[in-house]
Amino acid sequence: MKPPRFEYFAPTSVDEALALLAEHGEGAKVLAGGQSLVPLLNFRLVRPPQVVDLNEIPGLGYIREENGWLVIGGMTRQRALETSSLVRERCPLLADALPQIGHVQIRNRGTIGGSLAHADPAAELPAVVAALEGELVVRSRTARRIVTPDTFFVTYLPTSLDPAELLVEVRLPVTPPRTGTAFVEVSRRHGDFALVGVAATLTLDGAGVCTKSAIALTGVGPTPIVARDAAQTLVGEKPAPEAFEEVGRRVSALVHPDGDLHASSEYRKHVAGVLARRALARAAARATGAEEPPTRGERR
Ligand SMILES: Cc1cc2nc3c(=O)[nH]c(=O)nc-3n(C[C@H](O)[C@H](O)[C@H](O)COP(=O)(O)OP(=O)(O)OC[C@H]3O[C@@H](n4cnc5c(N)ncnc54)[C@H](O)[C@@H]3O)c2cc1C
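Keep in mind it's a predicted model, so treat the numbers as computed, not measured. (Residues numbered from 1 in each chain as written. Predicted model: local features only at pLDDT ≥ 70, side-chain atom pairs only at ≥ 80, totals over all residues. Heavy atoms only, no water.)

Asks: Can you walk me through the overall build of the chain in this structure?
Replies: A tally of regular secondary structure across the chain gives 12 helices and 12 strands. Relative to the globule expectation of 19 Å for 300 residues, the C-alpha radius of gyration of the chain, 19 Å, shows essentially globular dimensions. Projected onto its principal axes, the C-alpha positions of the chain cover 60 × 45 × 30 Å. Looking at the chain as a whole, 51% of its 300 residues qualify as buried. At a minimum sequence separation of 6, the contacts of the chain that also span at least 24 residues come to 63%. Accessible surface, the chain as shown: approximately 13900 Å² in total, 51% of it carbon and sulfur. On the chain, the mean spot of the 34 positive side-chain charges and the mean spot of the 34 negative ones are 4 Å from each other. (Helix = DSSP H or I, 4+ residues; strand = E, 2+ residues; numbered from the N terminus. Rg over C-alpha atoms; globule rule 2.2 N^0.38 Å. Buried < 20%, exposed > 50% of the residue type's maximum accessible area, 1.4 Å probe, protein only. Contact = heavy atoms within 4.5 Å. Areas by Shrake-Rupley, 256 points an atom, 1.4 Å probe, with all protein chains shown as cover. Lys, Arg positive; Asp, Glu negative; His and termini not counted. Charge placed at Lys NZ, Arg CZ, Asp CG, Glu CD.)

Here it is as structure tokens:
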């Protein structure tokens, strides 16, 4: 189908875009990469009276390092992040997750801001930002605020973004030394959204003892689920398969996913535990430089 009629605006500055959003309010939709919005328009699942296209605004796509943060413009294409050596070096978890998003054609257009603002409960990037405790920089015509993932992701699709706000920047902490990270997921076919995905980080001290760990899951709830208590059990321990098994059991017990056409609730719950264990094993291997365990079933 074709999209319903809408008034189209192509502002050339963030201020102009924000003024348009302030003027048109609730109904207007922002167009970034269009990889989620255009299908929704074409299926007439959304009927915005106005569309504000961000693609003519220069300077909203960038990747740089600033004071211990990897700082990414809201309109940065997923493919630009995927092919960035800075991302690979400074934020390997993000680099690990990106190739698992859809197909390369989608990542060529899709943006980091669009993925986070769309907040699909099976998307990879919200889980990455949640695991890393990143910051989301949001602007309206009159204010700028920094939002943390736990307040940004509210429920299935809606975020705490106001209709007159734009997600202009994403800030991710640079991965500290002796830290391993991994993003693993299971999907039915290459390019499909994940049935379940897990982002994991593990930081070790000089003696190989875990000082920090984080786990965030996608596909098992309306927002990314952070398994804080399960990850915390690793702190003070040397990474070991038995400890990862135990974390996997805790993760599985924590989540209560909905079942659907693609997978039952029980299956997703089980897979969440298995993937948490695998992600931690891979992160631990990366933290120590040991050989990585083989992949089984999940997409890489
Ligand atoms: C076949 C297919 C497979 C896909 N598979 C996956 C997958 O496996 N994993 C995955 O995560 N995604 C997947 N996607 C979605 C893809 O990652 C999209 O790129 C992403 O969800 C939206 O990004 P976008 O830049 O295209 O945003 P758009 O589609 O342009 O916008 C999406 C929504 O976000 C709002 N928005 C966009 N940018 C901003 C901003 N800066 N500030 C405020 N609001 C904003 C828009 O108004 C709209 O409501 C898939 C898409 C397709 C078509």
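Now, onward.
Asks: How should the domain arrangement of the chain be read in this particular structure?
Replies: Many structure descriptions define interface size as the accessible area lost when the parts assemble. Looking at the chain, the domain boundaries give domain 1 (7-53), domain 2 (63-173) and domain 3 (179-286). Computed from C-alpha coordinates alone, the two centres of domain 2 and domain 3 are separated by 20 Å. Across the contact, 23 residues belong to domain 2 and 24 residues belong to domain 3. Buried surface at the junction of domain 2 and domain 3, summed over both partners, amounts to about 1800 Å²; 59% is from carbon and sulfur atoms. Put simply, domain 2 and domain 3 have 1 salt bridge between them. Here domain 2 is connected to domain 3 by 7 residue pairs in polar contact (both at pLDDT 80 or more). At the level of secondary structure, the elements contributing two or more residues to the side of domain 2 that touches domain 3 comprise helix H5 (92-97) and helix H8 (124-132). Split into classes, the residues belonging to the side of domain 2 that touches domain 3 amount to 15 nonpolar, 4 polar and 4 charged. (Domains from an automatic or database assignment. Buried area = accessible area lost by both parts, 1.4 Å probe. Salt bridge = Lys/Arg side-chain N within 4 Å of Asp/Glu carboxyl O. Polar contact = N/O pair within 3.5 Å; in protein donor to acceptor, adjacent residues only side chain to side chain. Nonpolar A, V, L, I, M, F, W, Y, C, P; charged D, E, K, R; others polar.)

Asks: I would appreciate a short explanation of the nonpolar core in the present structure.
Replies: If you look at soluble globular proteins, the nonpolar side chains tend to sit buried side by side. In terms of nonpolar packing, the biggest core is built from 32 residues, with Ile72, Leu94, Leu116, Leu136, Phe152, Val170 and Leu172 touching the most fellow members. Here this core gets 7 residues from one element, more than from any other, and that element is H8. Residues lining this core come from more than one domain, with at least three contributed by each of domain 2 (63-173) and domain 3 (179-286). Setting aside residues up to four positions removed in sequence, Val170 forms contacts with Leu70, Val71, Ile72, Ile112, Leu116, Val129, Glu135 and Leu136. Core analysis: the second largest hydrophobic core is formed by 31 residues, Val184, Ala200, Ala231 and Leu275 among them. (Core = buried A, V, L, I, M, F, W, Y, C linked by side-chain atoms within 4.5 Å.)

Asks: Please clarify how the sheet that holds strand E4 (residues 63-66) should be interpreted in this entry.
Replies: Within a sheet, each strand pairs with its neighbour through backbone hydrogen bonds, oriented either parallel or antiparallel. Judged by pairing direction, the sheet is antiparallel, and its 5 strands sit side by side in the order E4-E5-E8-E6-E7 without closing on themselves. For this open sheet the edge positions go to E4 and strand E7 (144-147), each flanked by a neighbour on one side alone. Pairs of neighbouring strands in the sheet enclose a mean axial angle of 25 degrees, with direction left out of account. Here E4 pairs with strand E5 (residues 69-73) via 4 bridges, running antiparallel. For Glu66, the partnering residue across the bridge sits in E5 and is Trp69. (Pairing = 2+ DSSP bridges. Axes fitted to C-alpha atoms, helices over the stretch in contact; angles between N-to-C directions.)

Asks: Could you clarify how one ought to interpret the site of the ligand in this entry?
Replies: Around the ligand sit 30 residues in total, of which Val30, Gly34, Leu37, Thr111 and Glu124 are the nearest. The separation between an oxygen atom of the ligand and a polar main-chain atom of Val30 is 2.6 Å. Backbone polar atom of Gly34 to an oxygen atom of the ligand: 2.7 Å apart, as the coordinates give it. Its free accessible area being 960 Å², the ligand has 88% of it covered by the protein chains. When residues of the shell around the ligand are traced back to their parent elements, those giving at least two are strand E2 (29-31), helix H7 (112-118) and strand E8 (166-173). Sort the elements by how many residues they give to the shell around the ligand and H7 lands first, with 5 residues. The residue makeup of the shell around the ligand, split by class, is 13 nonpolar, 14 polar and 3 charged. (Near = heavy atom within 4 Å.)

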